[in-house]
Amino acid sequence: MSEHSTMMKDHITIAGRDGAFGAYVARPKASPAPVVVVLQELFGVNADIRKTCDEIAEQGFLAVAPDLFWRQEPGVDLSNVTSEADWQHGMRLYQAYDRDAGVRDIKDTVNAVAKLPGCTGRVAVLGYCLGALMVFLTAVRESVDAGVAYHGGDTEKYLGEVDGLHAPLLMHLGEEDEFIYKAAQAAIKAALAKKPNATVYSYPGQSHAFSRHGGAHYNAAAAALAHERTYAFLNRQLR
């Protein structure tokens, strides 16, 4: 793509080891660019995740959001704001999600997007909630160039794998997160304090998903600070 082309949004298919699955793509104006693989919450690749991809593309990255739930129900697109039914639907998918298989899918996505036209070959993974846990699992089990995790629930259950972390990792935690209790936050911070390539930022007074567009706990100031830190980190690691 030329430097003069406009940002394009489309879908691609990832040919994974266990089957093919779709991914939403937002392309930056200039190429070649590094890639950020965006990992969804329990609501699928929904409007919020697509908007996040668009914002990342505006920052000059190629953003790709794979369909993590493709084995259970391809194309899930749930509301994360208004619908109790959608919340329950997402929770069912979340609870049944095979995290080990998910790491394979994410690594397959990373490998595929590294070869996309207009990609520099540098790839980070960035995720929210379920996606943030998957960032951690992928970063400790596989090779990626960088990881960014926004409030990854259950991360504390996998801290025994932290020695596998070789990529730079940036983690954002809301101090009042109702899904990541204070003890879990302390355990995460203690484990990552031993890794010179890991940085954990804590956001006082913030609940789960404080950076989610239009979410119940959205906080514009905290979200802006987290995103500013994220883009500085991604530019440092990928360019």
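Above this text is the structure in question.
Residues numbered from 1 in each chain as written. Predicted model: local features only at pLDDT ≥ 70, side-chain atom pairs only at ≥ 80, totals over all residues. Heavy atoms only, no water.

A. Broad picture of the pattern of salt bridges. Counted according to the given criterion, the structure contains 13 salt bridges. One salt bridge connects Asp108 with Arg17, and the closest N-O pair in it is separated by 2.7 Å. Here Asp108 is found in helix H3 (residues 99–113), whereas its partner Arg17 is found in the loop between strand E1 (9–16) and strand E2 (19–26), with 91 residues between them in sequence. On the accessibility criterion, Arg17 (52% relative accessible area) is exposed. Several salt bridges converge on common partners, so that one network encompasses Asp18, Arg71, Arg104 and Asp105. (Salt bridge = Lys/Arg side-chain N within 4 Å of Asp/Glu carboxyl O. Helix = DSSP H or I, 4+ residues; strand = E, 2+ residues; numbered from the N terminus. Buried < 20%, exposed > 50% of the residue type's maximum accessible area, 1.4 Å probe, protein only.)

B. The arrangement of the environment of His227 in detail. With respect to the helices, strands and loops of the structure, His227 is situated in helix H6 (residues 220–238). Through-space distance from the C-alpha of His227 to that of His172 is 9.8 Å; in sequence the pair is 55 residues apart.

C. Expanded view of the environment of Ala20. Assignment of secondary structure puts Ala20 in strand E2. For Ala20, a relative accessible area of 52% puts it in the exposed group. Taking the C-alpha atoms as reference points, Ala20 and Asn111, separated by 91 residues in sequence, lie 14 Å from one another. When residues no more than four places from it in sequence are discounted, the contact partners of Ala20 are Thr13, Ile14 and Trp70. (Contact = heavy atoms within 4.5 Å.)

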